[in-house]
Structure formats: C-alpha cells, structure tokens
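Residue-level structural notes
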Amino acid sequence: MDDSVTNPLTSHVPYELSRRWLCAVEDIAWTRADSVADQVYPAAVILTVDTPKTGGVNVGAWLAVSFAPCSEVMPSCSDNIPDYDALIIGAGLSGMYQLHVLREQGFRAHVLEAGSGVGGTWYWNRYPGARFDSESWSYGYSFSAELLEEWDWSEHFAGQPEVERYCNHVADKFDLRRDISFSTRVAWARFEEESCSWRVGTAAGREFRARFLVTAIGLLSAPTMPRFEGVESFSGQWAHTGLWPKEGINFDGKRVAVIGTGASGVQTIQEVAKSAARLTVFQRRPNWCTPLHNGPISEAEMDAIRTRYDEIFELCKQTTACFVHSVDSRGTFEVTPEEREAFWEERYAGQGFGIWQGNFRDMLKDREANQMMSAFVADKIRARVNDPATAELLIPKDHGFGTRRVPQETHYYEVYNQPNVELVSMLEAPIERVTPTGLRTRDRDYAFDVIIYATGFDAVTGSFDRIDFRGAGDVTLKDKWAEGPRTLVGVMVDQFPNLFMIMGPHAALGNNPRSIEYNVEWVRDCLVHARSTGAQRLEAKAEAVEAWANFVHEKAQGLLSNEIDSWMTGVNMNVAGRQHRRLVRYAGTAPEYRARCDAIAAGGYEELQQS
Ligand SMILES: Cc1cc2nc3c(=O)[nH]c(=O)nc-3n(C[C@H](O)[C@H](O)[C@H](O)COP(=O)(O)OP(=O)(O)OC[C@H]3O[C@@H](n4cnc5c(N)ncnc54)[C@H](O)[C@@H]3O)c2cc1C
C-alpha cells in the first residue's frame, strides 16, 4: 500500500504514514477538525477524507480496528468496555510520567493520545525553529538518576527534533507504549454515579471506563486559526505552527507569509527568512523579544552539568516559576542609574529568561520601573533594526516589558534588515480574506506559495473545552467554567469526582516539567491514599475550591499583566467568547503553591469528600 495521503490541513503536502497508516488517518481528521471547524469530526467524516495517493484507503479495516472487541485490545472489560483503575488523556510529559508512576504503584493505567507518537507539545510543534526557552538541562525529567546519567543535551536550548527524541527515549526506557492507545482522540467523558467511574468516548466511537480520570491534555495544545474567510480556498501550502506536517515544508525560493509574531511566530520567522525568496510577516501586535543566546553543549560541559543536577533541581524548587533564574531582591530604584543600566545590560547579554524571570523584584508591578525597563529594550530594538519606521512597528506600545510572555529570539530583529523580508502591520492594513493565490489586506493583494499561521492556542482551558466533560448530575465543565475556571490547586473541580488534572487552570506553571513532576506525584499519592482508606469517590469540596480561587485572585493583585490582553489573561481574539479577561493563571510562587498542596496531603485530604 502507498504510505501517503493528502493532509487537508496543508493542502497538497503528502502526509507520511511512518508506523501505522490508520493512526495518521485519525490524525488528519483531528487536524482538519481543530484547524477548520474547531470541533472534532465524527468518524463518518473520516470516510470522506480525500486520499488520492493511497489508491483507496481501507476505511473498513480501520473501523474494524476501532470497534475490535475489547478483549483483544485491553486486559480487563466490563460490559464489553475496557476498564481501568485510571485513564490518562494525553501522552506529553505529563501523561507519560503519570502512567509511569501509577503503574509503579500497581494501578492498571492506560493513556489515550490523539497523536500517533509521544511528546505532546514536542510531537505537534514541528515548525522550523521550534525550540525550548527553558534551559534544556533544567527541563528534562528529574525523577530518574539513570535517565539523567544517560541523556546528553546538545544545546542549552534544544530544538524540537531533539526534544521529541528525548520523549521517545523516555517512552522506550520505561516501556510506556504498551499502555498507550495512540491516534485516539477523546471526545467526551461522563461520570457515572452508579459505577462511580468515568466513561470516556473517542472521536472514532470507542469507549473506555476507569475509576479515576487524569487529564494531561496540555495548556498550549488547542491550536487556533484566525477567523479569516477563504482559508481553504488557498491553492498553495499552508499550516498552523502547532499542527506542522511531519514531512516539513521546503521554503527554498518560495514566497512565504507568516501570520503572527508571538513566541512560535518569532521562532518561525527567523528560520524561514534564511531560505525563502520573499518573507512577508503579518503582525497584529509586536511583543518584547529578547536574545536567547543559545549555544552548543560540549561533552565536558555536559559532564559538568550532570554533576550539578541535584543543585539545579533544588534551585528550580526555590525560584518563583521553577526556572534557574531568580528574581533580584533589589527594587529598580534602590540602585544607582549606572548600576541599573549595567544590570540590564548583563541580563540582556545573558541566556534565556534571566531578563524576565531574574529582573528587579518590582519590574512586573511598579509602573514606572516597568516603563523604564521597556524603554531599555525599545532602544535595543532601535539599535538592531536599520529602518526607523520598521523599528517603531516592532516596539510594543500597548503593553510593558514582561507583561505578556517574552519570546526568546536569535537574530530576530536583524531579519527585518534583509532585503527579502517585509513587515506588514495588521493594525494598519488588516487581512480581509485568504484568496486562492494569497492574502488580501485592506490595502492590496499579496501572492504567496506558502502561508504559515503562527496564531497560537486557545490556552489553558481550550483543550478542556474540546472535550465534553460531564460530572455529577450531568453538569458540564464548560458551563461550570463559563465565568472562568475554578479549581482546587489546579488539580480537582467540585462536582467532578475522581477527575484529576495535570497542568490544569490555576496550577503553578513556569518551567513546566518541574510542576508536572510535582503534580503527577501529588495525584499518585492521592490515589494511593484512596486505595489505603478504601475510598472510591474523591471530590473537591466546594468551599475548598472557593478558598483556592480566592487565593489565586489575591496573588494576582497588583500585577501589571492583569491589565493586558494575552493568553495569560484568557483572551484570544480568534476564539468566540474569549474576548474578556479571565484569571486563568496562578500568579503566586511555585514554592507557595507546593506548600498549599503539601498541606492538603499532610492533612489527610480534608479538602476532599471521600466515600
Ligand atoms: C512551541 C512551544 C514551546 C514551549 N516551550 C516551553 C519551554 O521551553 N519550557 C516550558 O516549560 N514549557 C514550554 N512549553 C509549554 C509545554 O506545553 C510544556 O512544557 C509541556 O510540554 C506540557 O506537557 P503536557 O504533557 O502537560 O502537555 P502537552 O505537551 O501539550 O501534551 C498534551 C497531550 O494531550 C493530547 N490531547 C489533548 N487533547 C486530547 C484529547 N481530547 N484526546 C486525546 N489526547 C489529547 C495532545 O495530543 C498532547 O499530546 C512550550 C509550548 C509550546 C507550544
């Protein structure tokens, strides 16, 4: 059988089916659904996928696999539905580790994953230039000394291919794949009071059941497309950065458009500019970008890092957001102007998020301090961009430095000095529609061979909204969170018994794997506790959720970022109903967060109803 089909998302790009062609068919249905219709397509739609290069996809065979008797697929069944102690949705860093620790404790656990491989973020985001902004050696799992010992990072900020290789290495090392169903997109999950368990259904119509359900569905995993007319009418290649085709896209000699200048857009632009004949960047609002200063890690340096792992992870435990950068205890105005300038110069010349996460303590709260810092970075942009008008377009005017996520760049600003690169402000000339040959702005038509949508994600709650969660009394999670998410430490929700979330709303974020490991272990300990007490039903008490919501609000007081539209304040102009600010992010420190969670566990989980 020919191993390629047409990926409707990328128009005529052949889609490699490397391992199981059936997996990729469901991938396609998903990418098409998410990018175009913003909803999951039912299995029947898969039948209509145009697959001229396959010589006829055997959909019957695929359906047979989907509906195969569960005894052939899973070890334990009740009323013909595979039954587990715990189901985990998602095989990114969160889901993989959750599976590992639950299995270690003897739970029958299973993972349902939409993609055909592990890695989550690092599986889907294959766009050119995709890489860490956490230091590689602070991002990897810390739980296994053996893993730390045997894995070498090649760069201080590793690129997507390396991170995906790492995730696959972890999956192989801990033999995770045998308990993961790939190409399995969960469409709904219902709590059944009678059996005190979750019944879970996939987009393809399969069903599973488990006493406990753990979501590991990511905070940046629901890609969003702009609401332009004519997206599918474009006759060239197009792709969203978060759903990049596995076979890649060649830009040599092509006319390329990149829409969006957030973190993914910046990484894409600086890479595509190297080979495209012409690159046109469509920018709605600029971001404050600062140098990543990436570099290779030599063998000797890696050996030295290895000897410091304990120290590195201990440091990550102490810092506000689990990065290796610590906030400077001084206030912006407690130092002389010369000291301030020298400090910022040193941070600007340093690696990674030091300039954001390791700045003066008042930089994100004190308006004057923030303005001064913004002026410092604005001057850097002016110094790096030759054309003063272009430089002004690249300098944010609607928010201060660090109040939105800071993209990390490598020669990003210098790209605009290249003769093959043009910047178009969508504020001055909004895109009106996609045409068969390119894009039409208010001012003119542009012709392109490739359009790249770097338009980001429906962050934090988007991946939850794409699953129809129904808790006790058939209450939906979407309704429950209509005015903004409310959780107990980002892990549990009242009226949703036995449901746990990793990286859920109002959990600690930052250098995420550090929080992921903590949350995964917290959930494990909670399930072990339930087993030891014989409790079958665990539900967050409403008053405990209320208390956590109040704490989250208290911690957000006074932050300048609250006054800014961004994914961190729940705003996404491309998603209906996401135009108003909501508090989706916990803004306290990670140590405070863990102290609260530890207290819940130490107190015997009194914040939960246990029966
Ligand atoms: C481009 C990019 C760069 C990033 N860089 C960094 C960084 O440098 N440092 C950092 O700390 N964080 C970074 N992040 C955040 C990153 O998402 C986290 O670090 C981490 O990978 C999250 O892991 P996760 O397993 O929780 O979620 P994800 O990696 O998002 O995995 C979620 C998984 O759930 C699956 N899934 C979702 N919904 C369903 C469903 N309905 N059915 C079945 N499966 C489903 C998805 O397919 C995915 O595989 C970055 C994010 C992006 C997008």
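Parameters and conventions
- The numbers attached to residues start from 1 for each chain and follow its sequence in the written order.
- Where local features are concerned, this predicted model is filtered to residues with pLDDT of at least 70; where side-chain atom pairs are given and counted, the filter is 80 or more; whole-chain, interface and lining totals use all residues.
- Here is the check we use: build the C-beta atom from the backbone, and if it is within 6 Å of the molecule or strand, call the residue near.
- Strands here are runs of E lasting at least two residues and helices are runs of H or I lasting at least four, both read from the DSSP assignment and numbered beginning at the N terminus.
- Lys, Arg, Asp and Glu make up the charged group, whereas Ala, Val, Leu, Ile, Met, Phe, Trp, Tyr, Cys and Pro make up the nonpolar group; the residues left over, Gly among them, are polar.
- The nonpolar core is taken to be a set of buried Ala, Val, Leu, Ile, Met, Phe, Trp, Tyr and Cys residues joined by way of C-beta atoms within 7 Å.
- Residues are called buried when their C-beta atom has 20 or more other C-beta atoms within 10 Å, exposed when it has 12 or fewer, and partly exposed otherwise; all C-beta atoms are positioned from the backbone.
- By the convention adopted here, residues make contact when the C-beta atoms placed from their backbones lie within 7 Å.
- The pairing criterion is simple: DSSP has to find at least two bridges between the two strands.
- Interaxial angles span 0 to 180 degrees and are taken between N-to-C directions of axes, which are lines fitted to C-alpha atoms, for helices over the stretch in contact.
- Roughly parallel means an angle under 35 degrees; roughly antiparallel, over 145; roughly perpendicular, 65 to 115; everything else is oblique.
- Crossings are assigned a handedness: left-handed for a near helix turned anticlockwise from the far helix by less than a right angle, right-handed for a clockwise turn.
- Summary of the metric used: pLDDT quantifies the predictor's per-residue confidence within the range 0 to 100.
- What a helix is expected to span follows from its residue count: subtract one and scale by 1.5 Å.

What follows is about the site of the ligand. Taken together, 36 residues form the shell around the ligand, and within it G90, G92, S94, G120 and G218 come nearest. Looking at the shell around the ligand, the elements with two or more residues in it are α5 (93-104), α6 (121-124) and α20 (512-533). Looking at the shell around the ligand element by element, the count peaks at three residues for α5. Partitioning the shell around the ligand into residue classes produces 17 nonpolar, 15 polar and four charged.

With that out of the way, let us pick up the nonpolar core. Within the largest apolar cluster, 153 residues are counted, with the highest numbers of intra-cluster contacts made by A86, L87, V256, A257, V258 and I452. Every residue in contact with V258, bar those within four places of it in the chain, is listed here: G265, T268, I269, V272, L279, V281, I452 and A454.

Here we come to the sheet that holds strand β17 (residues 438-441). Strand order across the open sheet formed by three strands is β16-β17-β18, with antiparallel pairing between neighbours. Strand pairing shows two members of the sheet lacking a second neighbour, β16 (431-434) and β18 (445-447), which therefore form its edges. On average, each strand axis in the sheet is tilted by 20° relative to the strand beside it, whichever way the strands run. Across three bridges, the pairing between β16 and β17 is antiparallel.

In the contact formed by α20 and helix α22 (residues 590-602), the axes pass within 11 Å of each other and the chain directions differ by 5°. In terms of orientation, α20 and α22 fall into the roughly parallel class. Contacts between α20 and α22 involve S515, Y518, W522 and D525 on the former and, on the latter, A590, R594, C597 and A601.

Attention shifts here to unusual backbone geometry. Phi is positive for V460, which is not a glycine, with a value near 65°. V460 gets classed as buried once you count the C-beta atoms within 10 Å, which come to 25. The phi dihedral of Y605 is positive, around 60°, even though this residue is not glycine. Tracing the chain through its elements places Y605 in the loop between α22 and β23 (608-610). The buried category is assigned to Y605, around which 20 C-beta atoms lie within 10 Å.

A few words now on the packing of α5 against α20. The interhelical angle for the contact between α5 and α20, taken along N-to-C directions, is 35°, at an axis separation of 9 Å. Both α5 and α20 take part in a crossing whose hand is right-handed. Taken together, the residues of α20 that come into contact with α5 (itself represented by L93, S94, Y97, Q98, V101 and L102) are P513, I516, E517, V520, E521, V523 and R524. Taken together, the residues of the contact of α5 with α20 break down into eight nonpolar, two polar and three charged.

As a further point, take the sheet that holds strand β11 (residues 255-259). Across the sheet, which stays open at both edges, the five strands sit in the order β10-β19-β11-β12-β15 with parallel pairing between neighbours. Both outer strands of the open sheet, β10 (237-240) and β15 (421-425), are each paired with one neighbouring strand and no more. Within this sheet the neighbouring strands show an average axis-to-axis angle of 15°, counted without direction. Bridge count between β11 and strand β12 (residues 278-283): five bridges; the pairing is parallel. If you follow I259 over to β12, its bridge partner there is F282. Set on the sheet, helix α10 (residues 263-272) makes contact with β11, β12 and β19 (450-453); between it and β11 the angle comes to about 165°.

So, on to the confidence of the model for the chain. Considering every residue of the chain, the mean pLDDT works out to 88; 86% of them sit at 70 or more. The low-confidence segment residues 1-75, where pLDDT is below 50, has 126 contacts with residues more than four positions distant or belonging to other chains.

Below, the discussion takes up the environment of D152. Locating D152 in the fold gives a position in the loop between α8 (145-150) and α9 (160-173). Under the C-beta neighbour-count criterion, D152 is labelled partly exposed, with 13 such atoms within 10 Å. For the pair D152 and I305, spaced 153 residues apart in the sequence, the C-alpha separation amounts to 9.8 Å.

Remark: three residues form the turn of the hairpin made by β16 and β17, two consecutive strands paired antiparallel. Where β17 lies against β18, three bridges are found, and the strand directions are antiparallel. Opposite R440, over in β18, you have D445 as the bridge partner. In this structure, the hairpin formed by β17 and β18 is closed by a connection of three residues.

Across its twelve residues, α5 extends 17 Å between first and last C-alpha, which sits within 8% of the 16 Å expected from 1.5 Å per residue. Summarising burial for α5: nine of the twelve residues are buried, a large majority. Considered for burial, the residues of α5 that qualify are L93, S94, G95, M96, Y97, Q98, L99, H100 and L102. Of the surrounding secondary structure, the elements contacted by the buried residues of α5 are β4 (81-89), β5 (109-112), α9, β9 (207-215) and α20. After α5 finishes, the residue G106 shows a positive phi value of roughly 85°.

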